Each structure stands twice: as structure tokens, then as C-alpha cells.
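# A closer look at the structure
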Amino acid sequence: MKLDVRLPAGLMLTTIGVLLAGYGAISDRAIYARSLGINVNLIWGGVLLVAGAAMLLLSARSARD
Amino acid sequence: MTLSLLDWLVMLVYLACVIGVGVALRRSTTTSVDFFQAGRAIPAWVCGLAFISANLGAQEIIGMAASGAKYGISTSHFYWIGAIPAMVFLGVFMMPFYYGSRARSVPEYLRLRFDEKTRGFNAISFALMTVFSSGISMYAMAKLLQLLHVFDAPFAALGLGPEYIFHVCVVASAVVVLVYVWLGGLPSAIYNEVLQFMLIVAGFVPLVYLGLRDAGGWGGIRAAVPVEFTHLWRGFGSAATSPMGVDAFGVAMGLGFVLSFGYWCTDFLVVQRAMAADSMAAARRTPLIAAVPKMLFPFLVVMPGLIALSVHGGVVPLKMHEGTNALVLDALGKPQLDYDLTIPTLLLRYFPSGLLGLGLTALLASFMSGMAGNVTAFNAVWTYDIYQAYLRPRASDAHYLKIGRLATLFGVAASILTAYVAAQFNNIMDVLQLVFAFVNAPLLATFLLGMFWKRATGHGAFAGLVAGTAAAALHHGLTLPAGALPGVKGGWIAITASYPSEMAQNFWTAIDAFITCLIVTLAVSLATRPRADSELRGLVYSLTERPRDGALPWYERPAILGVVVLLATAALNVVLF
């Protein structure tokens, strides 16, 4: 089975991360009243983006080797 | 609350990824070994995450949070007592027989070790059970999404009433699972289970963080809920004081041994993931790797229950009769809480647009991982253990591959049908689940004797399974949990004993079935002719060469990993004692 699962997982997390963080950067602060005033979209989107990018990087590195 | 475009986009990204994995694997899934066994070529860490994810269905997530709100942190017993020791046992002691025997399924191992009738009994009951489980889970999920009301507005815009939410959820989720399993078989399900695992974690970590912050941390929860809710073992000295109605012995023996080992060590749904590993060492490491996230999962799925009890005087909604919206009252006339809505309530309370889409996608992912687990186990058992064994034994590999794909279609269609039957006749589903519980309860004794006692015979195993199943039914028919009416809850023959809770009755029914199966298998085996030692090599402990782990680095040795996992679990028990 020649599929490095880090590739689809990395793509999925990166895309969701970009969507959430991007929305977090431009959205109205008022919507974060329910998340205790924390811009969870920006923070958690950023975390998912970093995790996804790390997976893509590892996948690309192992494909090169 | 309605869903924004971003929430829909997050769901679409997930769906595109899972279907994309199926499409990517389509070309490399060309033989039945690829389709049903993932070519036995999957790395241990992927198998480990798939192992845990296949078990992490929506019912588990919703049910564990509900139980967390009802019983408190002692719900973690289902993980720390009811899963980890059995997973360690599977990895260290049992995988060498499953993997080493080259059996393609758990029922096939029973044929190799015992005989055809024992395999047939297990294969047929297991195949039926997987279809029904997946249908019941589908029903629960679709019902929940309907109750959330987040889809009401888009459906209304299309001129469709809220009842269509149920239909669309059932059909759409089934079609997605069908597409990716049809295309890529077991490898597609396994790789997607890894994605689903990551999404479930990504969706629930922020929920627990926000909830804990709102509740004032663990200290805030301790101040808000009854003291036994924040202690694992408080009150377990006797059944009368235990929050679950079961004493420590009942928990250790019923949950920690019979039910837990019976499920984790013999259920093909999870064992199939380990059997897909690329080597014996990887297969043995699979449940041990899975044990690490499993150990931490109570903080993700049980904690929301405690959070929902603690914040703002408790936010678990009241239970209402469907249709009339009248409150459901208990025997004392007090309104009952709808614990199953714990997770959805918290998602809607804390998640803004964007993260709400991720939370809903996590629920969807948990449902699909559970369903795909059932469907892939079903198509393998149907094709290998029923179709090839009894209907068409000597067909080409391409034929069995085609049958596997058709079995996937049939399994999904039967699951949808079951979901609708469940929607119409709730009691029928309860009865079916009960019957399967009876069948499953004695299996552990069959496997333990089969793997560790070479004298056990096929006649003994079969007689033990039938007697154990009958003993479970008899025990259930003669006992009743407190407050329940005779019928599907028990006491349908006569009421000779009463249990403080349904859970206590379940535990003791399983213990009774196990002991009966053990005794009958022993007795009948001693009275019948055993097979020659030469036929049992690789199938029985005393006749099988021990796997050599000496060449492996310490962090890959199953015994060392097992000890580390058990010590960590013991430490969690001490901290939350």
C-alpha cells in the first residue's frame, strides 16, 4: 500500500487551519463572546496549520529519501 | 444557531480528503489480500491509530460524555480498567497466534484451532452484529444531528422539513463510507481512520480547554460536583455506595476481565487493524501504540460530562418526550436530564462559526470511522468465512474481490435499513443488542482455552459457546435491575434476583456466561479426542515458538511497552483515586 498517510492528513489539517486562521483574522470579535473572549479560530487554526505543515514536510522528506 | 459558509467548507474539506484517500488507493487495491487485509503492509503506528479510531464511534463519544455527566470521572474505568489491560494482553500474548497462524480473520483462526462449526457460529453472529451495530450507530448519529437544529435553516430554505435532516444524514454519511471502502477496501478504511482520529482530537481539544477554563479548572469542577464524581474509586467498596451500582470486584472481574478482554482480544473489528500490520512485531505493537491515546481519551470524552455539570449550575438539558416536548419525569416525579445531549450542548455553547464546523466534522468523523470499521470487518467475514467457506469455495481471487465490494454495498444498505428499523421500533434494537451480548459474553473463555490449553477440542469449544450463550440468556431472564420493568431489561422468565443498576446486571451476566463456557468447554474437551500436537503448532501457546524480541530496540519490544502502558495507567488510577 503505497500511501504516506501524512500527505492526506497534512493536506487536510493545513487546509482547515488556513480556513480557520484566515477567518479568525478577519472575523468580528463579537462572535468570540461564546468562546470566553478568545479568538479560538485564529489560535486553533494556527495550531492545525503548523501541525499540517509539519506532516507535509515529513512526508516530502521521506518521499525524497 | 445556524451554520456559516466556513462551517460547511470545513466539512467539505474533510469529505474531499476521505474520498480522495479511497480514490488514491483504488489502483493499488487489486487483489483480495489488498482489499480485505491491506496487503498486510501497513506500518504499526498507522494500524495503532486505526485500531483506536475504529472503536471510537459516535456512540462512544456521545455515550462516554453522557456517562461522565451521570457517574463522574469513574466512567474512566471503561478505559483504564475496561480497555488498557486487555489491549496489552492482546499485543503481548495473543497477536502471535492471530498474525502467526496466517488466519485472515478471527473466525478463520477458530476454524484452524477448533473446527468448522465453531467458526460458523462466530462468523454468522459477528457478521449480523456488525451490520446491526453500524445501523444503530447511524440512527443515533442522524437523530443527534437532527436534534442540534443547526441544519434546520438550510433545509427550510430548500423547502424540506426537519425530518429530512435524518434521511439526508443517514444516506449521505452511508454513501461516503461506501465510496471510500468500495474503492480502497481495508487500507482505505485504515488510512481514513487515522485522518478521523486526528479530526476527533482537533475537534474536542478546544472544547475541553474552553469548558475547563469556564468551569475554573479541575478545582472548579471539584467544587461544583458531588465528591464521588471526581474520584475514581470512591464508594466502590460496596455495590450500595458505588455510583455505578457495582463494587470494585464486579468492576475488575466483569468490566476489567470478561467484557474487556472479550471485546478487545476477540472482536475482529479491532483485531483486523492489527492483522493488517506489515510484520509480526508491528502487529504486536499495534494495540500497545493504541493504548497510549486510549489512556488519555477520558480527558477528551469523559471530561465534557463533568464540565457540563459544573458550569453555570449545570447545562445538561432536560429530557423531553419526542413530539410532545413534555418533560420526562423519573419515579419520584423529578425531571430527567438528557445526558446524550451533553457534547452537542457544549459544542453549541462554546464554539463560534468556524470551530463549530470543526466540532461537527469531528462528530461526523467519529461516526464514519465506527461505521467503516464495521463494514470492513463485515465484508471480510462474509467473503472469507461465509461465502468462500460454505457457498463457493474454489473461485478465483478476482471473484472474491468482487464479492467483497458487493458485500460492502450490501453491508451499507443493511445498515441503512437497520437505522430505519431502529427509528420505528426501539425495542427490537434493544433485543438484538441483548442477543449479541449473550453471544459475545462467553467468547473470551473459548479463546483463552483455545490459545493456552492444547487439550481444548472443537466439540468442547462449540458446546461451551452454546452453553455460555444460554447461561447469559438465563441469567438475564431471571434478574432485573432496580426500577426496571420485566421484559427487555431482564426478568422475562422470573425475577429471582435484583441488581442496583443495569450495568451491574450486564457485568454479572457476562461473568456468568464466561464461567459457564469455561466449565463446559473444559468438561467436553476432556471427554472428547484432542487433535495431534503437530496440527496445533502456531495456534497454541505451548506449541508455538516465542517471538524473539531481543533484536528490537527497547521502545519496540511489546513486553516493555506493555509494562510502561500499565504503569502509566496505574499512576492515573492513583492520582484520581
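Residues numbered from 1 in each chain as written. Chains lettered and ligands numbered in written order. Predicted model: local features only at pLDDT ≥ 70, side-chain atom pairs only at ≥ 80, totals over all residues.

Here the focus is the overall build of chain A. When helices and strands are counted, chain A shows 2 helices and 0 strands. Computed over its C-alpha atoms, the radius of gyration of chain A comes to 15 Å, more than 25% above the 11 Å expected for a compact globule of 65 residues. On the principal axes, the C-alpha backbone points of chain A span a range of 50 × 20 × 15 Å. Here chain A holds 65 residues, and 42% of them are scored as buried. In chain A, the proportion of contacts linking residues at least 24 apart, taken out of those at least 6 apart, comes to 72%. (Helix = DSSP H or I, 4+ residues; strand = E, 2+ residues; numbered from the N terminus. Rg over C-alpha atoms; globule rule 2.2 N^0.38 Å. Buried ≥ 20, exposed ≤ 12 C-beta atoms within 10 Å, placed from the backbone. Contact = placed C-beta atoms within 7 Å.)

A tally of helices and strands in chain B yields 24 helices and 2 strands. The globule rule puts the C-alpha radius of gyration for 577 residues at 25 Å, and the 23 Å found for chain B is close to it. C-alpha atoms of chain B, sized along the principal axes, occupy 65 × 55 × 50 Å. For chain B, the proportion of its 577 residues judged to be buried stands at 57%. Sequence separation of 24 or more characterises 80% of the internal contacts of chain B that already satisfy a separation of 6 or more.

Counting 219 residues, the largest nonpolar core has Cys47(B), Met87(B), Val177(B), Ile190(B), Val194(B) and Val381(B) as its most contacted members. When residues no more than four places from it in sequence are discounted, the contact partners of Ile190(B) are Ala38(B), Ile42(B), Val46(B), Cys47(B), Ala50(B), Arg273(B) and Ala276(B). (Core = buried A, V, L, I, M, F, W, Y, C linked by C-beta atoms within 7 Å.)

In this complex, chain B contributes 34 residues to the contact, which on the side of chain A involves 24 residues. Every element with two or more residues in the side of chain B that touches chain A is listed here: helix H1 (5-26), helix H10 (163-215), helix H17 (342-350) and helix H18 (355-391) of chain B. Classifying every residue of the side of chain B that touches chain A by side-chain character gives 26 nonpolar, 5 polar and 3 charged. (Nonpolar A, V, L, I, M, F, W, Y, C, P; charged D, E, K, R; others polar.)

For the rest of this paragraph, the subject is the domain arrangement of chain B. Residue and element names in this part refer to chain B. Each assigned domain of chain B is listed with its residue range as follows: domain 1 (5-21 + 40-424) and domain 2 (430-545). The C-alpha centroid of domain 2 is placed 24 Å from the C-alpha centroid of domain 1. Listed as interface residues are 31 residues of domain 1 and, on the opposing side, 28 residues of domain 2. Elements with a minimum of two residues in the side of domain 1 that touches domain 2: helix H6 (84-100), helix H7 (106-113), helix H8 (116-148) and helix H12 (248-264). In terms of residue count, H12 provides more of the side of domain 1 that touches domain 2 than any other element does, 8 residues in total. (Domains from an automatic or database assignment.)

Residues and elements named next belong to chain B. Remark: helix H11 (residues 217-224) packs on helix H16 (residues 303-310), axes separated minimally by 9 Å, with the N-to-C direction vectors making an angle of 60°. Classified by the interaxial angle, the pair formed by H11 and H16 is oblique. Here H11 and H16 pass one another in a crossing that is left-handed. Facing H11, whose interface residues are Gly220, Ile221 and Ala224, H16 presents Leu306, Ile307, Leu309 and Ser310. The residue makeup of the contact of H11 with H16, split by class, is 5 nonpolar, 2 polar and no charged. (Axes fitted to C-alpha atoms, helices over the stretch in contact; angles between N-to-C directions. Parallel < 35°, antiparallel > 145°, perpendicular 65-115°, else oblique. Left-handed = near helix turned anticlockwise from the far one by under 90°.)

Turning next to unusual backbone geometry. In this structure, Leu36(A) takes a positive phi of about 60° despite not being glycine. The phi dihedral of His312(B) is positive, around 50°, even though this residue is not glycine. Relative to the elements of secondary structure, His312(B) occurs in the loop between H16 and H17. You can call His312(B) exposed: it has 10 C-beta atoms within 10 Å.

Moving on: helix H14 (residues 280-296) of chain B. Of all the bends in H14(B), the greatest reaches close to 30° and is centred on Thr286(B); the proline Pro287(B) follows between one and four positions later. Most of H14(B) is tucked away, with 13 of its 17 residues classed as buried. (Bend = angle between axes of the 7 residues up to and from the residue.)

This part takes up the packing of H10(B) against H16(B). The angle between the axes and the distance between the axes are what describe a pair of packed helices. Residues and elements named next belong to chain B. Between H10 and H16, whose axes approach to 9 Å, the crossing angle comes to 35°. The interaxial crossing formed by H10 with H16 has left-handed handedness. Of the residues in H16, those in contact with Leu207, Val208, Gly211, Leu212 and Ala215 of H10 are Met303, Pro304, Ile307 and Ser310. Looking at the contact of H10 with H16 residue by residue, the classes come out as 7 nonpolar, 2 polar and no charged.

Let's shift gears to the confidence of the model for chain B. Residues and elements named next belong to chain B. The predicted model of chain B has a mean per-residue pLDDT of 91, with 99% of residues at 70 or higher. Element-level pLDDT for chain B is lowest in helix H20 (residues 426-440), with a mean of 72, against a maximum mean of 96 in H16. At the level of chain-chain contacts, confidence expressed as ipTM amounts to 0.96, with global pTM at 0.92. (pLDDT = per-residue confidence, 0-100.)

Take helix H4 (residues 58-71) of chain B next. Residue and element names in this part refer to chain B. The terminal C-alpha atoms of H4, which comprises 14 residues, lie 19 Å apart, in line with the 20 Å expected from a rise of 1.5 Å per residue. When you tally the buried positions in H4, you get 12 out of 14 residues, the bulk of the element. Considered for burial, the residues of H4 that qualify are Ala58, Gln59, Ile61, Ile62, Gly63, Met64, Ala65, Ala66, Ser67, Gly68, Ala69 and Tyr71. Those residues of H4 that are buried lie in contact with helix H5 (77-80), H8, helix H15 (298-301), H16, H17 and H18. Glycine 72, located one to two residues past H4, shows a positive phi value of around 85°. (Expected span 1.5 Å × (residues − 1).)

Residues and elements named next belong to chain A. Note on placement: arginine 29 falls in the loop between helix H1 (6-26) and helix H2 (40-64). Taking the C-beta count within 10 Å as the criterion, arginine 29 has 8 such neighbours and is therefore assigned exposed. Placed 10 residues apart in sequence, arginine 29 and asparagine 39 show a C-alpha to C-alpha distance of 7.4 Å.

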